[in-house]
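Topology and contacts: notes
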Amino acid sequence: MKTRGEFIRNYWKNYLYLEKRFLDSESYVSIEKENNDAFSFEYLSLFILLCNEFDAVTTEFCNHIEGEKRQRNINEKVGIIRDSVPNFNKYKADINERFEGYNLVPFEKFGKTSADWWHDYTYVKHYRSMTDENTHKPNYYKANLKNVFTALSALYLISCIFYERLEKDTQYSVEKSSAIFTKCGF
C-alpha cells in the first residue's frame, strides 16, 4: 500500500465503524473513568476487533517501512515502528472535551514486553475463561471500558502516524474525521 486513498479504503473506514460502535456502547455504559472496569459482551467483541485491526495496521506499516512482508509478533512490529517514529512511546490521543479526564498513551509501556492493554487482549483472546490470579475473576473481565478505549486510541494513533507516511493523493484528514480524538501527537 502506497497511497492515502488506499489506506482510507482498506483501514480507515473500518476504524470509523469501530469508533461508532464504541460510541454506541454509551447507551449502556457511560464513557467515564468511574466505569473503567465495566465489562460486557459488546466490549469483548470490540476489544478483539480493535486489537485485531491494530495488529493488521501495524503489519501493513512495518511492510511499508521495511519493504518486505513477513510474520512478526507485536513486540517486533512495535519495535520497528518505534525505531522509525521519533518519540513513538510518548504519542497520545488528545480527546475532545466530552471525554475529559482520560489520558491515553497506549504505546508508553511497549518495550521488551507488551503494553498492559495488549497483554490483557492476549488473555481475553486465548485464555478467556481462565481465572486471573490477582483479581480471581475470569479473564474476560479484562474486556472492559478502559482497555477498549485504550485499544481504540492505539488504533487511532497508529492509523494517523501511518497515514502521514503515505503518498498524498487526497486532501482528506483522518485526524480530523474522528468523533472522539482531536489530534495525534506527543
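Throughout what follows, the structure given in this document is the object of discussion. This is a predicted model, so every value here is computed, not measured.

Some details on a nonpolar patch on the surface
A surface patch of nonpolar side chains, about 290 Å² in accessible area, is lined by Tyr123, Tyr127 and Met130. Within the fold, methionine 130 resides in the loop between α4 (116-126) and α5 (145-165). A residue is classified by how much of its surface remains accessible, and methionine 130, at 46% relative accessible area, is partly exposed.

Focus on the packing of aromatic side chains
Tallied over the entire structure, the rule returns 24 aromatic pairs. When the centroid spacing of 4.6 Å and the interplanar angle of 20° are considered together, the rings of phenylalanine 61 and phenylalanine 162 count as stacked. You can see phenylalanine 61 sitting in helix α2 (residues 41-66) and its partner phenylalanine 162 sitting in helix α5, a full 101 residues away along the chain. For the pair phenylalanine 61 and phenylalanine 162, one class covers both residues: buried. Ring plane angle 50° and centroid distance 5.5 Å describe the contact between tyrosine 123 and tyrosine 127, whose orientation is recorded as tilted. Overall, tyrosine 127 belongs to the partly exposed group, its relative accessible area being 40%. These aromatic residues form a ring-pair network of at least three members: Trp12, Tyr15, Phe22, Phe99, Tyr102, Phe149, Tyr156 and Phe181.

Digging into the pattern of salt bridges
Here the structure, examined in full by the defined rule, presents 11 salt bridges. Between lysine 20 and aspartate 24 there is a salt bridge, with the nearest N and O atoms lying 2.9 Å from each other. One end of the pair, lysine 20, and the other, aspartate 24, are both in helix α1 (residues 4-24), four residues apart, so they sit about a helical turn from each other. For lysine 20, a relative accessible area of 48% translates into the label partly exposed. Here lysine 142 makes a salt bridge to aspartate 132, at a shortest N to O gap of 2.5 Å. Of this pair, lysine 142 sits in the loop between α4 and α5 while aspartate 132 sits in the loop between α4 and α5, and the two are 10 residues apart along the sequence. What makes lysine 142 buried here is its relative accessible area of 13%.

Reading guide: rules and limits
- Residues numbered from 1 in each chain as written.
- Predicted model: local features only at pLDDT ≥ 70, side-chain atom pairs only at ≥ 80, totals over all residues.
- Heavy atoms only, no water.
- Patch = residues over 30% accessible without salt bridge, like charges linked within 9 Å, V, L, I, M, F, W, Y side chains within 5 Å.
- Areas by Shrake-Rupley, 256 points an atom, 1.4 Å probe, with all protein chains shown as cover.
- Salt bridge = Lys/Arg side-chain N within 4 Å of Asp/Glu carboxyl O.
- Helix = DSSP H or I, 4+ residues; strand = E, 2+ residues; numbered from the N terminus.
- Buried < 20%, exposed > 50% of the residue type's maximum accessible area, 1.4 Å probe, protein only.
- Phe/Tyr/Trp six-rings, centres within 6.5 Å; stacked < 30°, edge-to-face > 60°.

Any functional reading would require information beyond the geometric quantities listed.
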